[in-house]
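Structure assessment
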Amino acid sequence: MLHIDGEAWSSVTDFRCLSFCPEMPRTQTEYDDSLTLKLYLLQFVNCYSSIFYIAFFKGKFVGRPGKYNTFLSYQQEECGIGGCFVELSIQLAIIMVGKQAFSALSEMALPYALRLWSHMSFLRSSNHEHQPSQPWERDYLLPDMGTTGLFHEYLEMILQYGFVTLFVAAFPLAPLFALLNNVLEIRLDALKLLGSYRRPVGVRVRDIGIWYRIMDSLGKLAVLTNAVLIAFTSDLVPRLYYRWKVSPTGTLDGFVDFSLSYFDVKDYDEGVRHGNTSGLLGAQYCRYTDHRTPPWVENQYKRTSQYWEILVWKFAFVLIFENTIAFLMTLIRWIIPDVPKTIREKIREDNRLTNEIIILQELRRRNVDTPVVA
């Protein structure tokens with residue numbers, strides 16, 4: 001018979017935990033925070049991946065006519081005529097208006113459906129047709145929110161907060177639609193909690209947990225995403241460059257011609273030139289959005305110096321934007337602290353009085369315990 005002592009069995013158990021249980025939360029709060037973070041990251045990728053693709057990747061690595069970049073023999077997707085900024089605005093408008101309206105209708109209908117299903121299940125499980133008459137009997141038939149009931153409410157609000165902050169530069173009306181949705185959401189949640197679900201068991205907690213850190217991280221990430229969105233996706237920086245350095249009158253007259261480059265149709269491949277140039281109507285040159293040298297110079301289709309200057313301006317804009325927001329945040333925190341000065345002084349005074357009371361009590365106890373010498 002094989003005998004394993006306690007120390008060896010402890011080593012085997014530790015090895016199993018390290019192999020199959022890499023995460024062992026110490027408390028229930030740590031477990032809930034860890035689970036919340038993982039589920040939120042999954043929803044983050046699911047909800048924001050298409051928005052990030054349109055904002056920062058779509059149409060950025062296409063190439064040029066005659067030499068398009070391909071991936072697995074497929075040409076990369078380009079933006080529409082209005083640019084990716086317009087597509088991003090339309091996508092956010094659909095999410096903030098259409099998706100939120102559908103979500104509100106679902107929240108109105110789902111509790112009633114669950115309530116009806118719970119009532120029918122109770123009647124089927126009963127031996128007789130007993131209609132509950134007492135309030136507590138009717139409340140018992142209501143569906144239970146469970147331990148993760150508030151998680152979905154928090155998740156919905158945090159995802160909305162991300163749509164509002166991360167891409168507000170592309171759709172400035174997002175906060176307005178979020179406000180209108182939340183005004184309706186308050187009443188819907190009140191009706192749902194009071195009349196459509198069983199009363200939940202109250203649990204005392206210190207704060208909202210890891211949701212605060214998620215919101216703080218989203219706020220910091222929003223500064224970077226909006227800066228990059230304005231600099232690299234919109235035409236703000238190229239327009240400023242043209243007005244301040246290129247235009248002789250300081251206006252945008254001729255900006256469209258400045259933003260387009262020339263391409264000689266003869267430089268197309270044979271298959272493209274004979275099969276897909278019917279729309280050129282015999283033109284010798286076509287125009288495309290980029291800053292490259294024309295085909296009649298020696299180094300044709302190379303990046304111009306203006307392209308690199310505009311790129312430097314874009315990075316400078318991101319740097320200035322981030323530092324400006326960081327300075328404003330620091331200034332606001334200094335002007336409006338989390339704890340007002342009067343409250344800090346009151347807390348300090350209460351702590352001082354508490355320490356004095358403790359010291360006096362200790363002195364009295366010591367005097368009582370000390371025997372009197374005759």
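Residues numbered from 1 in each chain as written. Predicted model: local features only at pLDDT ≥ 70, side-chain atom pairs only at ≥ 80, totals over all residues. Heavy atoms only, no water.

Description of the overall build of the protein
Secondary structure assignment for the protein yields twelve helices and six strands. Counting the 374 residues in the protein, one finds 26% classified as buried. Counting every atom, the protein has about 27000 Å² of accessible surface; 63% of that belongs to carbon and sulfur. (Helix = DSSP H or I, 4+ residues; strand = E, 2+ residues; numbered from the N terminus. Buried < 20%, exposed > 50% of the residue type's maximum accessible area, 1.4 Å probe, protein only. Areas by Shrake-Rupley, 256 points an atom, 1.4 Å probe, with all protein chains shown as cover.)

Overview of helix α8 (residues 236-246)
By the burial criterion, the buried members of α8 are V237, P238, Y241 and Y242. Along the axis of α8, the buried positions cluster into a sector of 135°, meaning they face one direction only. Packed against the buried residues of α8 are α7 (210-233), α9 (255-258) and α11 (305-335). (Arc of directions from axis to C-beta. Contact = heavy atoms within 4.5 Å.)

What about helix α2 (residues 28-56)?
Counted at 1.5 Å a residue, the expected span for α2 with its 29 residues is 42 Å, and the 39 Å between its end C-alpha atoms agrees. Taken as a whole, α2 carries its principal kink of about 50° at Y48. (Expected span 1.5 Å × (residues − 1). Bend = angle between axes of the 7 residues up to and from the residue.)

A look at the packing of aromatic side chains
Scanning all chains against the criterion turns up 23 aromatic pairs. For the ring pair Y154 and W211, a centre distance of 5.7 Å and an interplane angle of 15° mean the geometry is stacked. Linking Y154 in helix α5 (residues 149-166) with W211 in helix α7, this pair joins segments that are 57 residues apart in sequence. Ring pairing ties together the aromatic residues Y40, F44, Y48, F52, F56, F151, Y154, F163, F167 and W211, which thus form one cluster. Residue placement shows R287 over the ring face of Y262; its charged tip is 3.9 Å from the ring centre. Here the guanidinium or amino end of R303 rests over the ring plane of Y307, the centre of that ring lying 4.2 Å away. (Phe/Tyr/Trp six-rings, centres within 6.5 Å; stacked < 30°, edge-to-face > 60°. Lys NZ or Arg CZ within 6 Å of the ring centre and 35° of its normal.)

Thoughts on the side chain of S89
Relative to the helices and strands, S89 resides in helix α3 (residues 84-125). Note on S89: relative accessible area 17%, which makes it buried. Those residues within four positions of S89 in sequence are excluded, and the remaining contacts are A170 and F171.

Comments concerning the side chain of R64
Within the fold, R64 resides in strand β1 (residues 63-64). Ignoring sequence-local partners within four residues, the contact set of R64 consists of F263, Y288, R292 and Y301.

Focus: unusual backbone geometry
Most peptide bonds take the trans configuration, and most residues that are not glycine carry a negative phi. A positive phi angle, near 60°, is found at Y301, a position not held by glycine. Positionally, Y301 belongs in the loop between β6 (285-289) and α11. On the basis of relative accessibility, which here comes to 6%, the residue Y301 falls in the buried class.

Observations concerning the UniProt feature "transmembrane region" (unreviewed entry) in the protein
Per the UniProt record, the feature "transmembrane region" (unreviewed entry) sits at residues 39-57, 158-180 and 311-336. Helix makes up 95% of residues 39-57 and strand 0%, whereas the separation of the span's terminal C-alpha atoms amounts to 25 Å. For residues 311-336, the helix share is 96%, the strand share is 0%, and the end-to-end C-alpha distance is 37 Å. (UniProt positions renumbered as here; feature names shortened; annotations may be inferred.)

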